[in-house]
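Observations on chain architecture
Take a look at the letters that make up each chain.
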Amino acid sequence: MCTVIVRTGEPLTLLGVRDEFADRPWEGPGEHWPEYPGVVGGRDLKAGGTWLAALPSRDRVAALLNGRGLPADERTKISRGELPLRAVVAGGMPEVDLPRYDPFHLVLAGRSGARMWSWDGERLTAAGLPVGTSVIVNSGRDDDPKAVELRPLFAAAADWHDLVEAATVRHELPDGRVYASLSATLVTVGGGGLGYEFSDLSRWNAVRLPRVDRGVSRDG
């Protein structure tokens, strides 16, 4: 269950925690996609896309979560990992062949606020995130127990660095595989431009996580 937490206002703040099988290969943030110049994000080495993309020159960030619903046909299905790349460049929901994607939630945030699109395999819905703090998980926003637990915690804190651990998970499965929070990305959008901080959580003890390390920032 990935988690995206968004607080509107000045600055707008977005925390994205990526949960995945620990043996799925990936690499840290960079400008990995020549076809999307200036876009920064961690890259999934299996499918080539990303779970969170930032475009500092436009002060925008897009985050992707798996959704729930009707899966796409295996014969025509394509990776959802390109959606954040396309959305952060377009500044909105990209024009895509939706039935080819498994269900997802796509969050786009910037100076004008934050918006979320949800595809359940049959219907696409869109809504602006309300003023304040929103927590989005795989089931959506608001009513999930994890969202209900995290929202007041993050809403009450001015600094989210020391709260990252609360949004993480770690499960050791019977077959020996580990499913865990592998990274955390904290993005702010305000008067100073877009700030981008990244932590590779797989390098650290799962009980106590470090402050998010400074990654990429841009003024202007």
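Quick note: structure is the one above.
Right, let's walk through the structure included here. (Residues numbered from 1 in each chain as written. Predicted model: local features only at pLDDT ≥ 70, side-chain atom pairs only at ≥ 80, totals over all residues. Heavy atoms only, no water.)

Tallied over the full model, the rule gives five aromatic pairs. Relative to Trp51, the ring of Trp26 has its centre 5.8 Å away and its plane inclined at 80 degrees; by these criteria the two rings are edge-to-face. You can see Trp26 sitting in strand 3 (residues 26–30) and its partner Trp51 sitting in the loop between strand 4 (41–44) and strand 5 (52–55), a full 25 residues away along the chain. Measuring from ring centre to ring centre gives 5.2 Å for Phe154 and Trp160, while their planes differ by 85 degrees; the resulting arrangement is edge-to-face. By relative accessible area, which is 2% here, Trp160 ends up buried. An aromatic cluster is built from Trp26, Trp51 and Phe198, whose rings are joined through pairwise contacts. (Phe/Tyr/Trp six-rings, centres within 6.5 Å; stacked < 30°, edge-to-face > 60°. Helix = DSSP H or I, 4+ residues; strand = E, 2+ residues; numbered from the N terminus. Buried < 20%, exposed > 50% of the residue type's maximum accessible area, 1.4 Å probe, protein only.)

With that settled, the discussion passes to the sheet that holds strand 7 (residues 104–110). Reading across from one edge, 5-6-7-8-9 is the order of the five strands in this open sheet, with antiparallel pairing throughout. Because the sheet does not close on itself, it has two edges, and the strands there are strand 5 and strand 9 (124–128). The mean inter-strand angle of the sheet, taken between neighbouring strand axes irrespective of direction, is 15 degrees. The pairing of strand 8 (residues 113–119) with strand 9 spans five bridges and is classified as antiparallel. (Pairing = 2+ DSSP bridges. Axes fitted to C-alpha atoms, helices over the stretch in contact; angles between N-to-C directions.)

For the rest of this paragraph, the subject is the pairing of strand 13 (residues 178–190). The side chains of a regular strand alternate between both faces of the sheet. Burial analysis of strand 13 places eleven of its 13 residues in the buried class, which makes it a mostly covered element. Relative to strand 13, strand 2 (residues 12–21) is paired through ten bridges, and the arrangement is antiparallel. Bridging across to strand 13, Gly16 finds its partner in Thr185. Pairing analysis gives three bridges linking strand 12 (residues 170–172) to strand 13, with the strands arranged antiparallel. Within strand 13, the position partnered with Arg170 by the bridge is Ala180. Linking strand 12 to strand 13, which pair antiparallel, is a turn of five residues; within it Gly176 sits at a positive phi near 95 degrees. Sheet analysis places strand 13 next to strand 14 (residues 193–200), joined by eight bridges and oriented antiparallel. When the sheet's bridge partners are listed, Val187 is paired in strand 14 with Tyr196. In textbook terms, the turn of a hairpin is the stretch between consecutive antiparallel strands, and for strand 13 and strand 14 this stretch comprises two residues.

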